Structures are given as structure tokens and as C-alpha cells.
Amino acid sequence: MGSAIEIYTSVLGWLLYDRIWETLTDTGLVYLPFVGLVVKNFAKPYVAQGTNGAAETSIRMMEMDLIAMFTVATLAGAPMITLKIGDLGHTTPCGGPSVTGANTRTTYDQAFAAIGGQTAVVPVWWYGVLAIAGGINEAVIASVPCTADIRTLDYRLDNTRIQDPELRRQVQLFANDCWLPARSKFLARHDALPAGYPPDDIDWIGSRYFQDTNGYYGNGNLNLALRASEEIPGFPYDAARDTEFQAGFIPINGRPECKTWWQDGVNGLRKRLLATIDPDVLPQSVADARATNPTETDTSVEDALIRKLFEQERGQLAAPANRSDGSTPSIWSQFTNELTGTVSGAGLAFEYLTWQPKLYALRQAAPIGQSFILMAIYLLLPFVLVFSSFSLGTMLFLSIVLFALKFCTAIWSLATWLDTNMIRALGLEWWKYQYDVELGTATLVANLAAGLMFVVIPLVWFMLLGWAGYRIGSGLEAITKPIHSAAESGASKGSNMATRTISRGTGSLIGRRK
């Protein structure tokens, strides 16, 4: 199966197929196409030829039609192969976990528990079509190189928020007690960042320069060090440092120096903010970032991820601060000044904010929509077969439709790989918080390409197979039409010959009597 939900929708679709087929059989509706075939093939020759040779013509015309109809009804109509929900499974590509029905470890197990113990019966033809389609899908997906799903990682990072109220409060305190004073001091001195630090290093609370340079987050003289303005849980009282308390009073917690407050390996803000990121996302993000840019280290990537987390809520976690050039914009004016200095920049900003969630939602909804469409086709197959008079062309056309829908899973797998490598090829360091017009243009290009791959390519695929299905149907009609014509022509000629023979014989007898 292409997804976990397809396990349940497939079984549900075939369960409904069985009920509908049973109803059509019990009511006799499934036999109406055969009755119609008999009536049609007797009526047409009778009207064309009268009583002479009509029976022979009808029998010959019915032979091929009956063989085709019985074949379709037996292979594609009558349920024969049992299908249990535990027989179906889904394997995540590239060494991911394999799950089976009723044990997918998702919320679908509970939502579809009602069909867990039921058994469906599937016609031989459709079972074979789906088995072949699934095998081809697995072969194609296995041939796609394994890579991190950058689009999903980026979306999950962008939507990560600090949920712990105490951690949020500490981040706000750190911004006011440490970062803003350190930044103001740096700007007041008109210092320049040494080589090796990015130009925007001092524009966030985890500045490496402030951590490395004495006199900012750390100070050799504890009396001059920047510290927390109140007691911080997890940092014990230090008499040499916390001198503001009255003699004899020992508080439960102390007021740590900013450097310790940020870097502590147990209760430090850096470690706690890093723990906020999904544990499944963090190692994949670090590994992909280092593979994309070998100059990155684990620490630099982790800092970039923490900054990305911080920037999502800068307006709530930190008061507006001066930039390195001395101006004092808010977070939104920083965003618009750097990204939307022109009308095109504004458009790029809007596109970035709107395309990211849309593409993620599209990718999440696509397998669900695919499974629902397949389920609808399964349960409607009895009606289509009966209404088409068990047409061989219709059966083959529906087979192509099912294969086309199933193969979308392989197309989306390839599209994910292409999307990831397009992001890398365009030089987008997605794990960092950065906005400028050039990167905005590259992001827009990547988003447009992703939309093309996930939407337009499947549409082109459907068009091509639709054309092929139409050609197959037309070909079958072209094959069967001469057979019908030959049968009708042969029967007509035979009846004419018999008529002439009888006429001649009758004429001879009359002549002799005379």
C-alpha cells in the first residue's frame, strides 16, 4: 500500500464492492446485460434479414460477445480471493518502518477499528492489477536515491513553538538581562565583528561573539558580569557571585552569569531550547545541513536551528532591538526592509509565507485523497461493469485508471527527491533564518518547481494514460468489429445461398410438373 490510510480504505472499498455485487446478483440485475445481448443479437438480424437465416446469424454474432462478457464477469466481477486487513502493509522508503493493517501505530487504527475483523473478497482480475501496480511502485521507489525530506523538516521547524511557559519566561528574561545590554554595549563602542563571525551574529540572543568575548555574556570580574535579574531555577546560590542578598540569607536558587545561563549543560537555555525541537527532526536536520555544507559543524547547525526557533517568536520573546547599523526596527520591519525593499521583494515575501504551508498540506493530503479515490472506484466497479454490459474494453480501461492512480505514489516519491535536491542546488540553507531578495527568488523558484512536480506531472501522467486507454478501447472495437461483420456477412451469404437453392429447386419442380 502507498500509505497507512490506504490499508483501511482499500479493505473498506472491497467490503462495499462485495455487498453491492451480492445485491446485484440477488436481484438479478447482474444478468440483464446477458438478456440484452440475446435480444439485441436476435432482433438485429431479424429486422435486417427476416426469418431467412436470422437464427444462424444471431448465434454467430453472440459467440464472441458471450465469450467476452463471461470472461469479464468471471475475472473482474465475481469475488474470489479473500482479503484481510492484516494481509496489507506499508513500508516507509529508505529503511523506514514496516507496518500492517490494524497495527500501523497511527490514529487510523482506532478510527477504522470497526472494519478490523472483517474479510473482503476481491475478483481475480482486480487483485492481479493491484498486485502488479504495487510491485511496480515498490521497484520504482526503491530505485529513487535516499535523502532527507527537506521540505517536511523545514515545515516542522518553522512550526515549532516554545510551549513551556517557564522556558518562555526565561528566554524573555535572558533577552532583557543579557542580550539587549550586551548588544547596546557593542553598538555604543562602535566595534566591528572580527573575522569568522557572520554579520548578523549579534542580532539574536545566542550570539557566539557575546559568548566568546570577555565583557559581554561572560566577565572575568564577577562584579561587572551581566547576570540574571532574578533567581533562576536549576542554578544554585553562589556566595561569591550573588552578593546582593542580605547576610545569613541563602536563597534556593541563584542568579547565574549570562554565559553560564546560556551554556550550562543541564539547565542552560541553549540545551533546553534545543530539546524543544522534535527529536526526530533534529538529527536529520544536522546531518543534512552538514552534508549540504561541509564547513558547518554540529554546534553551528544547532545554533542556526535554535535561532530559527527564536525568530519565529521574536516579537513575543524579545523587545525590539537596535540592528548593527544603529536603526531600531521591529521584527516585521526588519523582515520587510530586508526582503521587500522593492515591489518584487514584497511579492516574494508573500509567496514564501503562503507557499510553504500549502506545499506541505498538499503533500500530506495527496496520499489521503488518492486512497479515497481508489476506495470510491472499488465500490463503484459493480455498477460500471453491469452498465457497460461487461465490456472487455471497459475492464481494460479501468485497469489503466487504477494503475495510473497507484503509480502516483512513485511519482510523488520521485518528486520529493527532486524537490530536496532542487533546494540544495539553489543554495538554500534551509536550516538558517535568513531573508533577502536573492534567496527569496530562489525560494520562489523551488516552490514553483515543487508545485509543478507534485501537481502538473501527475496530471500529465493521467492525460497520457487516458489517451492510451482510449486507444486501447478503440483498438478492441476495431478488432471485434470485423469478427462481428464477418459472422454477420457469412450468415447472410449462407442464408442467401440457401434461399437461391430452395428457389431453384422449387422452380425445377414446378417446371417438371408442367
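Every value quoted in this text rests on a predicted model; they were computed, and no experiment measured them.

The rules behind the values
- Residues numbered from 1 in each chain as written.
- Predicted model: local features only at pLDDT ≥ 70, side-chain atom pairs only at ≥ 80, totals over all residues.
- Heavy atoms only, no water.
- Helix = DSSP H or I, 4+ residues; strand = E, 2+ residues; numbered from the N terminus.
- Buried < 20%, exposed > 50% of the residue type's maximum accessible area, 1.4 Å probe, protein only.
- Contact = heavy atoms within 4.5 Å.
- Areas by Shrake-Rupley, 256 points an atom, 1.4 Å probe, with all protein chains shown as cover.
- Polar contact = N/O pair within 3.5 Å; in protein donor to acceptor, adjacent residues only side chain to side chain.
- Axes fitted to C-alpha atoms, helices over the stretch in contact; angles between N-to-C directions.
- Parallel < 35°, antiparallel > 145°, perpendicular 65-115°, else oblique.
- Left-handed = near helix turned anticlockwise from the far one by under 90°.
- Nonpolar A, V, L, I, M, F, W, Y, C, P; charged D, E, K, R; others polar.
- Disulfide = S-S within 2.5 Å.
- pLDDT = per-residue confidence, 0-100.
- Patch = residues over 30% accessible without salt bridge, like charges linked within 9 Å, V, L, I, M, F, W, Y side chains within 5 Å.
- Salt bridge = Lys/Arg side-chain N within 4 Å of Asp/Glu carboxyl O.
- Core = buried A, V, L, I, M, F, W, Y, C linked by side-chain atoms within 4.5 Å.
- Arc of directions from axis to C-beta.

S.K.: What is the right way to read the overall build of the chain from this model?
M.R.: Along the backbone of the chain there are 17 helices and 4 strands. Evaluated residue by residue, the chain yields a buried proportion of 42% over its 514 residues. Put simply, 75% of the contacts in the chain that link residues at least 6 apart link residues at least 24 apart. A total accessible area of about 26000 Å² is found for the chain, and carbon and sulfur atoms account for 63% of it.

S.K.: What am I meant to see in the environment of Arg255 here?
M.R.: Inspection of the secondary structure assignment puts Arg255 in the loop between α8 (208-212) and α9 (258-263). When near neighbours in sequence (up to four residues on either side) are disregarded, Arg255 contacts Arg227, Ala228, Ser229, Glu230, Glu231, Arg241, Asp242, Glu244 and Phe245. A polar contact is formed between the side chain of Arg255 and the side chain of Glu231, at a distance of 3.1 Å.

S.K.: Please clarify how the packing of helix α5 (residues 124-143) against helix α16 (residues 392-425) should be interpreted in this entry.
M.R.: Helix packing for two helices is described by the angle between their axes and how far apart those axes are. Between α5 and α16, the least distance of the axes is 9 Å, while the angle of their chain directions is 25°. By the angle between their axes, α5 is roughly parallel relative to α16. Considering the relative orientation of α5 and α16, their crossing is right-handed. Only Met395, Leu396, Leu398, Ser399, Leu402, Phe403, Lys406, Phe407, Thr409, Ala410 and Ser413 of α16 make contact with α5, whose side of the interface consists of Trp125, Trp126, Val129, Leu130, Ala133, Ile136, Asn137, Val140 and Ile141. Of the residues assigned to the contact of α5 with α16, the class counts are 15 nonpolar, 4 polar and 1 charged.

S.K.: In this structure, what is going on with the side chain of Asp203? I would like to understand it.
M.R.: Position of Asp203 relative to the elements: it lies in the loop between α7 (165-189) and α8. In terms of polar contacts, Asp203 uses its side chain to reach the side chain of Arg183, at 2.3 Å.

S.K.: Would you mind going over the state of the cysteines with me for this structure?
M.R.: Here is the idea: a disulfide is a covalent bond, and it sits between the sulfur atoms of two cysteines. Enumeration according to the criterion identifies 1 disulfide in this entry. In this model Cys178 forms its disulfide with Cys258; the gap between the sulfur atoms is 2.0 Å. What sets the handedness of the Cys178 and Cys258 disulfide is the S-S torsion sign, and at about -80° it is left-handed. With Cys178 in helix α7 and Cys258 in helix α9, this residue pair connects regions lying 80 residues apart in the sequence. Just as Cys178 is buried, Cys258 falls in that class too.

S.K.: I'm lost on the confidence of the model for the chain in this one. Help?
M.R.: Any region with low pLDDT has predicted coordinates that should not be read closely. In this model, the chain carries a mean pLDDT of 78, and residues with pLDDT of at least 70 account for 78%. Within the chain, helix α10 (residues 269-276) carries the highest mean pLDDT (93), whereas helix α14 (residues 331-339) carries the lowest (39). Below pLDDT 50 for its whole length, residues 320-346 participates in 49 contacts with residues either more than four positions away or in separate chains. This model gives residues 479-514 a pLDDT under 50, and the stretch forms 19 contacts once residues within four places in sequence are excluded.

S.K.: Mind showing me how you'd approach a nonpolar patch on the surface here?
M.R.: On the surface, Leu362, Leu452, Val455, Val456, Leu459, Val460, Phe462 and Leu464 cluster together to form a nonpolar patch covering roughly 620 Å² of accessible area. Position of Phe462 relative to the elements: it lies in helix α17 (residues 437-513).

S.K.: I keep staring at the nonpolar core and nothing clicks. Help me out?
M.R.: Here is a general trend for soluble globular proteins: nonpolar side chains tend to be buried in one another's company. Membership of the largest hydrophobic core comes to 49 residues, with the highest contact counts inside it found for Phe174, Ile205, Phe210 and Trp261. Among the elements that make up this core, the one with the highest residue count is α7 (11 residues). With residues near it in sequence (within four places) discarded, Phe174 still touches Trp179, Ile205, Tyr217, Cys258, Trp261, Trp262 and Leu269. One finds Ile5, Trp21, Leu385 and Leu405 within the second-largest nonpolar core, a separate group that totals 40 residues.

S.K.: How should α10 be read in this particular structure?
M.R.: For α10, every residue scored as buried is listed here: Leu269, Arg270, Leu273 and Leu274. Around the axis of α10, the buried residues are gathered within 130° of arc, so they sit on the same side. The secondary structure elements touched by the buried residues of α10 are α7, α9, α11 (281-292) and α12 (298-312).

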